[in-house]
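Survey of secondary and tertiary structure
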Amino acid sequence: MAFHEIRFPTSLSFGAVGGPERRTEIVTLANGFEERNTPWAHARRRYDAGLGMRSLDDLETVIAFFEARQGQLAGFRWKDWSDYKSCPPSQEVSALDQLIAVGDEVTQVMPLTKTYRSGDQSYTRPIAKPVAGSVRIAVGGDPLQEGIDYTVDVTTGSVSFIHPPDLGAEVRAGYIFDVPVRFDTDAIMTSVSGFQAGEAPNVPIVEIRV
């Protein structure tokens, strides 16, 4: 599956709308009770990039980006301005933000994750597209140095340690990340007169599994 390690222009994604989508299968029984199930372990995010365009130059930029990806063929990176850090948007990234693993003195490669909590429930999301240079790692509360203690594969979200973390040591991470996406259409329909009148073209974006 083709994927281009390039980010959709952030000035345009800033004005987009979208967020996570879940799939729930609901069966209503004869007695009125429901059975609910989901075939998806993870949410899938959807966006509309059309609402972020403010000028004809923006429109040209989106068309060029669309053509370079050959429509739906190639995936790319997307900055979700409502959820792009390991911490709340108003805070600075810290190496202590997210617990990603516990050391066992054997495992040297660990995936980045982000945990969402509400009450007693939580959901752990895989982070596959961290931003280069943004990943901070701490083991047992001690910050490590990238390139000396660990390396990061920004195409998969994997952290490789030079030496496996000690048994029972908390491995924590902080980072900025993108969402892997593709265009959800093979056609962008535009009208210059309509655009100048305030009509935004529909440019659907959908998250992909990588």
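First, a word on scope: everything that follows refers to the structure included in this document. Sequence order as written defines residue numbering, which begins from 1 separately in each chain. The predicted origin of the model limits local features to residues at a pLDDT of at least 70 and limits the giving and counting of side-chain atom pairs to 80 or more, whereas totals for whole chains, interfaces and linings rest on all residues. Derived side-chain values reflect all non-hydrogen atoms in the structure, with water molecules and hydrogen atoms excluded from consideration.

**A look at the overall build of the protein chain**
Every helix listed is a DSSP run of H or I at least four residues long, and every strand listed is a run of E at least two residues long, numbered separately from the N terminus. When its secondary structure is counted, the protein chain shows three helices and 18 strands. With the C-alpha coordinates of the protein chain rotated into their principal frame, the extents come out at 65 × 55 × 35 Å. A 1.4 Å probe rolled over the protein chains alone gives each residue an accessible area, and that area as a share of the maximum for its type sets the label: buried under 20%, exposed over 50%, partly exposed in between. Counting only residues that meet the buried cut, the protein chain has 40% of its 210 residues in that class. Note on contacts: a residue pair qualifies if any of its non-hydrogen atoms lie within 4.5 Å across the two residues. Relative to all contacts within the protein chain whose residues are 6 or more apart in sequence, the contacts with residues 24 or more apart total 74%. Residue burial considers only the protein chains on display, and all accessible areas are found by Shrake-Rupley using a 1.4 Å probe. As displayed, the protein chain has an accessible area near 11700 Å², and 51% of this comes from carbon and sulfur atoms.

**Notes on the sheet that holds strand S8 (residues 109-111)**
Read across the open sheet, the three strands follow the order S8-S15-S14; overall the sheet is antiparallel. Two strands in the sheet have a free side with no partner beyond their single neighbour: S8 and strand S14 (150-153). Here the strands of the sheet are splayed against their neighbours by 25° on average, with no regard to which way each runs. Here S14 pairs with strand S15 (residues 158-161) via four bridges, running antiparallel. Paired with threonine 151 across the strands is serine 160, a residue of S15. A strand pair is defined by DSSP finding two or more bridges across the two strands. Every axis corresponds to a line fitted to the C-alpha atoms, with the helix fit spanning only the stretch in contact, and the corresponding angles, defined between N-to-C directions, vary from 0 to 180 degrees.

**Here's the deal with the side chain of threonine 113**
Residue position: threonine 113 is located in strand S9 (residues 113-118). The class of threonine 113 is buried, set by a relative accessible area of 13%. Setting aside residues no more than four positions away along its own chain, threonine 113 makes contact with Gln98, Leu99, Ile100, Thr124, Arg125, Pro126, Ile127 and Tyr175.

**Some remarks on unusual backbone geometry**
With phi around 55°, glutamine 70 is a residue other than glycine that occupies positive phi space. Classification of glutamine 70 as exposed rests on a relative accessible area of 54%. Even without being glycine, glutamate 105 reaches a positive phi, approximately 65°. Within the element layout of this structure, glutamate 105 appears in the loop between strand S7 (98-102) and S8.

**Re the pairing of S9**
Alignment of S9 against strand S10 (residues 121-126), held across six bridges, turns out to be antiparallel. Looking across to S10, one finds that threonine 113 is bridged to proline 126. Between the antiparallel neighbours S9 and S10 lie two residues, among them glycine 119 with a positive phi of about 65°.

**Here we look at the pattern of salt bridges**
Two side chains carrying opposite charge are able to pair once their charged atoms lie near each other. Each reported salt bridge corresponds to a side-chain nitrogen of Lys or Arg within 4 Å of a carboxyl oxygen of Asp or Glu. Summed over all chains, the structure comprises twelve salt bridges. Of the charged contacts, one joins aspartate 178 and arginine 7 as a salt bridge, the two residues approaching to 2.9 Å between their closest N and O atoms. Residue aspartate 178 is found in strand S17 (residues 177-183), and its partner arginine 7 is found in strand S1 (residues 3-7); the two are separated by 171 residues along the sequence. Aspartate 178 sits in the buried class, given a relative accessible area of 3%. Note on arginine 7: relative accessible area 29%, which makes it partly exposed. One salt bridge in this structure joins lysine 114 and aspartate 83, with 2.5 Å as the shortest N-O distance. One end of the pair, lysine 114, is in strand S9; the other, aspartate 83, is in the loop between strand S6 (75-78) and S7, and 31 residues separate them in sequence. A relative accessible area of 8% means that lysine 114 is categorised as buried. A network of salt bridges, in which partner residues are shared, links Glu5, Arg7, Arg77, Lys129 and Asp178.

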